[in-house]
Amino acid sequence: FIANHLQNFRIPANDLVLAGVTTTEKYHYVNFDQFYNGLRVLESKMTVRITLDNKVVMFGADVFHDINISTSPSLSSSAAQTAAMSGINETIVSAVVNPDLFVLPVPENKANLYKLVYRVDVKTMDADNIPSDFYTLVDAITGDVLYRQNMVKHFDHKDDKKPAGESTSK
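These numbers come from a predicted model, not from an experiment.

Cut-offs and rules
Within every chain, residues take consecutive numbers counted from 1 along the sequence as written. With the structure being a predicted model, the display of local features is reserved for residues of pLDDT at least 70 and the display and counting of side-chain atom pairs for 80 or more, all residues being used for whole-chain, interface and lining totals. For the side-chain quantities, the full set of heavy atoms in the structure was used; hydrogens and water were omitted. The salt bridge definition used is simple: a Lys or Arg side-chain nitrogen within 4 Å of an Asp or Glu carboxyl oxygen. Numbering of helices and strands runs from the N terminus, with a helix taken as a DSSP run of H or I at least four residues long and a strand as a DSSP run of E at least two residues long. To sort residues, take the accessible area from a 1.4 Å probe on protein chains only and compare it with the maximum for the residue type: under 20% means buried, over 50% means exposed, and anything in between is partly exposed. Working rule for contacts: check all heavy atoms of both residues, and any pair within 4.5 Å makes them a contact. The rule for pairing is simple: two strands pair if DSSP sees at least two bridges between them. The set of buried Ala, Val, Leu, Ile, Met, Phe, Trp, Tyr and Cys residues whose side-chain atoms join them within 4.5 Å is what this entry labels a nonpolar core. Note that the arc is computed from the directions linking the helix axis to the C-beta atoms.

Novice: Please explain the pattern of salt bridges as it appears in this structure.
Specialist: Here the idea is simple: oppositely charged side chains can pair when their charged atoms come close. The tally for this structure, following the rule as stated, stands at six salt bridges. Note that Lys-45 is salt-bridged to Asp-62, the shortest N-O span being 3.9 Å. Note that Lys-45 is positioned in strand 4 (residues 45-51) and Asp-62 in strand 5 (residues 56-62), a separation of 17 residues in sequence. With a closest N to O distance of 3.9 Å, Lys-115 and Asp-139 form a salt bridge.

Here it is in structure tokens:
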């Protein structure tokens, strides 16, 4: 279906790898990941919804047809690890570099720039013994931290018992 019916959408069919098929009472959901020269393209996905009698009823494509970057890093994985830890003001417990490199699409001026990145997971502990786990993407060419998100979500139960509408500030 993708190769035969979606040519005008410039979907890079040869870069798609089957990620899985899920079946419900009504549909098969066929999901693909995109790869560029063997590297996973982050934030990419392709899905096709098919009825149980094999009729396509929907497709969704967040894929990229214009990637053209080197897949050879200038930065070592240990240098990426060091870069990922920079700027964090908590006690670092561990920093683990994913052995795979990835391609990161970065939107800019109605187009995308593509960056070769390392994924580094940085675990920390703050002064109050509250943990963090930072999902960090480091540019494999420049060493710049392109993205960092704490995957640990915190909830402070102290504010639970305040009456509705009561302010927590003084």
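Novice: Explanation requested: the environment of Leu-113 in the structure shown.
Specialist: Inspection of the secondary structure assignment puts Leu-113 in strand 7 (residues 111-125). On the basis of relative accessibility, which here comes to 36%, the residue Leu-113 falls in the partly exposed class. Placed 45 residues apart in sequence, Leu-113 and Asn-68 show a C-alpha to C-alpha distance of 9.4 Å. Residues contacting Leu-113, with those up to four places away along its chain left out, are Leu-104, Pro-105, Val-106 and Glu-108.

Novice: Explain the pairing of strand 1 (residues 16-23) to me, please; I cannot follow it from the model alone.
Specialist: If a strand is regular, its side chains alternate between the two faces of the sheet. Direction of pairing for strand 1 relative to strand 2 (residues 27-36): antiparallel, over a ladder of seven bridges. Considered in strand 2, the bridge of Leu-18 is made with Phe-32. Count of turn residues in the strand 1/strand 2 antiparallel hairpin: three residues.

Novice: Sorry if this is basic, but what is going on with the nonpolar core here?
Specialist: The nonpolar side chains of a soluble globular protein tend to be buried, and buried together. Counting 23 residues, the largest nonpolar core has Ile-67, Ile-69, Val-103, Tyr-118, Val-120, Val-122 and Val-138 as its most contacted members. Elements supplying a minimum of two residues to this core: strand 3 (39-41), helix 2 (77-85), strand 6 (91-108), strand 7 and strand 8 (131-139). Of all the elements, strand 7 adds the most residues to this core, at five residues. Setting aside anything within four residues of it in sequence, one finds Val-138 in contact with Leu-75, Ala-80, Ala-83, Ala-84, Leu-116, Val-117, Tyr-118, Val-120, Gly-143, Asp-144 and Val-145. In terms of nonpolar packing, the next biggest core, distinct from the first, is built from 10 residues, Ile-2, Val-30, Met-46 and Val-48 among them.

Novice: Where do I start with the pairing of strand 4 in this structure?
Specialist: Within strand 4, five of the seven residues are buried, which leaves the element mostly enclosed by the surrounding structure. In this structure, strand 2 lies alongside strand 4, joined through six bridges in antiparallel fashion. When the sheet's bridge partners are listed, Val-30 is paired in strand 4 with Val-48. When strand 4 meets strand 5, the two strands line up antiparallel, connected through six bridges.

Novice: Would you mind going over helix 2 with me for this structure?
Specialist: Note: α-helices contain 3.6 residues per turn, so residues at a spacing of three or four share the same orientation. Listed as buried for helix 2 are Ala-80, Ala-83 and Ala-84. Looking down the long axis of helix 2, one finds its buried residues gathered within 100 degrees of arc, a one-sided arrangement. Taken together, the buried residues of helix 2 touch strand 7, strand 8 and strand 9 (145-150). Count one or two residues on from helix 2 and you reach Gly-87, which has phi positive near 80 degrees.

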